[in-house]
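# Chain and residue survey
What follows is each chain in one-letter form.
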Protein chains: 2
Amino acid sequence: MQECELLKRLRPLFPGNGGDIVAGIGDDAAIVKFGNRLLLAAVDQLIGGIHYLQLATPAAVAGAKLLKRNLSDIAAMGGKPDWALLTIAANAVTEEWIFEFHRGVAECAEEWGVGVIGGDTGSLPAPGMVATLTILGEVEPDKIALRKNAHPGEKVFVTGELGRSFPTEHHLNFTPRLREADFLAGRYTGCMMDISDGLALDAVRLAEASGVQIALDLQSLPPRDGATIAEMMNDGEDYELLFTVPADKAERLKEEWPFEIKLSEIGEIRPASGELLVDIAGKRLGGEYNGYQHTAAL
Amino acid sequence: MQECELLKRLRPLFPGNGGDIVAGIGDDAAIVKFGNRLLLAAVDQLIGGIHYLQLATPAAVAGAKLLKRNLSDIAAMGGKPDWALLTIAANAVTEEWIFEFHRGVAECAEEWGVGVIGGDTGSLPAPGMVATLTILGEVEPDKIALRKNAHPGEKVFVTGELGRSFPTEHHLNFTPRLREADFLAGRYTGCMMDISDGLALDAVRLAEASGVQIALDLQSLPPRDGATIAEMMNDGEDYELLFTVPADKAERLKEEWPFEIKLSEIGEIRPASGELLVDIAGKRLGGEYNGYQHTAAL
């Protein structure tokens, strides 16, 4: 399945923004008007053998990972999580594994104040495991952070470190950046996304959504575990925040940053030109930097 | 996987009602307070080879079925649907099949005024197809219909016909009973569910949730396509409404019923005793009437 081509065919099937849809398919989560509030909603899958090594990953860790990936999406919108719904379809997976998987979700949900309000369990006709989690949350109108809100002249920032997520097991042990996003949204940024498919690919998505060019200073990227530039650009599952800040707020942000995790200024937003992603000298970053793709959000 | 036993272990992992949760896991959909409104949320799976015959069912019909099953859950709560989020994980399924599946969801969504606001596509490591749909909706406070709200003395009703859903293809072509539920909820009933796993099993669930006994008049069950009593009790996927009505409103309901589909009074609610499900003479209905189980909602 060539997912990018398929998605280009699927997206026109579904209506875009308008009416009660503030942000529809294409951002980290949808935003819809519900009564007097703004509801966030997103869904994600965890597929045995694709998103984790089925034999090596403890079931509770896999369950917590699924929830944390969704929490990362809520963070990227500038929001707070409220509720979750869970499904699992499995075959040749023990009842104990399924119980532990749910226990992992439940403990992580309690830690982050999420109520699990629905679920469904089913059997697959062939060996395997597919779980999904739908996250629901809320965002204040003045904290909405969308991929399309980057403007030329803004500085590009990233939280934490990049690359080598799999060998370091960061892809299992990461902390969703909800606190950091809550600090940033509205006050410093109106354009944020989480980096899950590698900086190169996700930066291109942000540039495309905003109709701008992103120039990255490759020497300023924050390496995890001695990651190379190629690893920082291409490895998936960083679950860090990529966001833009107006130039006149960038210095103040660095001074005021109250968290232990790193904050790195890694580039700037430039007006649209032929290329979406360039280095700081304006040279196209393509070819060797294609990011990591495992599933494709609509 | 013995689903009933597994569910008994899983449910205590997740908090019950309380706080903003008006109705949590265990009803057709959850109800949570969100701002000044009541949000409905439910999730359901469609698994190739389990819920439909993978080769025989057109993809668009399978997609529409997945949405309609969720609409049936919203109806059963007395609510209205608003939004949906969709996932699909597939292997050895053509891109055309996946496109048609999404087209089926999209057309059905438009028909029922549902906005598809999120999705995710992924690959399975082995041949197969698992799709999920999360439905979000709203219910007015005075229209909430819960499984736990049946009271002794109330009459038991069902919409439409029962049994032989598979040979008649009703399980694909059914119409979710949203209009009928909207008419019934609040005005005639505060206790409703949809019949998806066979009347026998779903009636037991209602009796269990309400702490009552259900007495069914087997001769009054409405057969689909000449279904036997056993078929009406056990066949799954009727997607009709099972609900209770105070005795003094039952006659008026029959007179005022404005829809073409059948309305049948099929029994009454009695005080709890040893048996959850009996015939009108008080004889236990068990053994041969065990319903149909394909997946298990948490």
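Above this text sits the structure in question.
Below: a short report on this structure.

Scoring rules and cut-offs
- Residues numbered from 1 in each chain as written.
- Chains lettered and ligands numbered in written order.
- Predicted model: local features only at pLDDT ≥ 70, side-chain atom pairs only at ≥ 80, totals over all residues.
- Heavy atoms only, no water.
- Contact = heavy atoms within 4.5 Å.
- Salt bridge = Lys/Arg side-chain N within 4 Å of Asp/Glu carboxyl O.
- Polar contact = N/O pair within 3.5 Å; in protein donor to acceptor, adjacent residues only side chain to side chain.
- Helix = DSSP H or I, 4+ residues; strand = E, 2+ residues; numbered from the N terminus.
- Nonpolar A, V, L, I, M, F, W, Y, C, P; charged D, E, K, R; others polar.
- Pairing = 2+ DSSP bridges.
- Axes fitted to C-alpha atoms, helices over the stretch in contact; angles between N-to-C directions.
- Buried < 20%, exposed > 50% of the residue type's maximum accessible area, 1.4 Å probe, protein only.
- Right-handed = clockwise from strand over helix to strand, strands pointing away.

Turning next to the interface of chain B and chain A. Each partner contributes to the interface: chain B provides 66 residues, whereas chain A provides 66 residues. The tally of links between chain B and chain A comes to four salt bridges. Two residues, R9(B) and E96(A), come together in a salt bridge whose shortest N-O distance is 3.2 Å. The interface formed by chain B and chain A includes eight residue pairs in polar contact (both at pLDDT 80 or more). Put simply, the parts of the chain that give the side of chain B that touches chain A at least two residues each are α1 (3-10), β2 (30-34), β3 (37-47), β4 (80-91), α3 (95-111), β5 (115-123), β6 (128-138) and β13 (295-297) of chain B. Residues belonging to the side of chain B that touches chain A are distributed by class as follows: 38 nonpolar, 16 polar and 12 charged.

We now examine the environment of R11(A). As for its position among the elements, R11(A) is in the loop between α1 (3-10) and β1 (21-23). When the C-alpha atoms of R11(A) and L136(A) are compared, they prove to be 22 Å apart, with 125 residues separating the residues in sequence.

All names here are of chain B. On the basis of which strands lie adjacent, the open sheet formed by six strands has the order β8-β10-β7-β11-β9-β12 and mixed pairing. Only two strands of the sheet have a single neighbouring strand rather than two, namely β8 (191-195) and β12 (277-279). Taken over all neighbouring pairs, the strand axes of this sheet differ in orientation by 30 degrees on average, direction set aside. Against the sheet, helix α2 (residues 59-76) touches β8 and β10 (240-245), its axis set at about 165 degrees to β8.

All names here are of chain A. Judged by how many residues are buried, strand β5 (residues 115-123) sits mostly within the fold: eight of nine residues are covered. In this sheet, β5 lies alongside strand β4 (residues 80-91) in parallel orientation, the contact comprising eight bridges. Bridge pairing in β5 links A90 to S123. Handedness of the crossover is the feature at issue here: the chain leaves β4, passes through helix α3 (residues 95-111), returns alongside β5, and the resulting connection is right-handed.

Close approach of charged atoms allows side chains of opposite charge to pair. Summed over all chains, the structure comprises 49 salt bridges over all chains. A salt bridge links E95(A) to R9(B); the nearest nitrogen and oxygen atoms lie 3.7 Å apart. Of this pair, E95(A) sits in helix α3 while R9(B) sits in helix α1, which puts the two residues in different chains. Across the pair R69(B) and D44(B) runs a salt bridge whose closest N-O atoms are separated by 2.9 Å. Linking R69(B) in helix α2 with D44(B) in strand β3, this pair joins segments that are 25 residues apart in sequence. In the salt-bridge network here, residues are joined through shared partners; they are R177(A), R224(A), D238(A) and E240(A).

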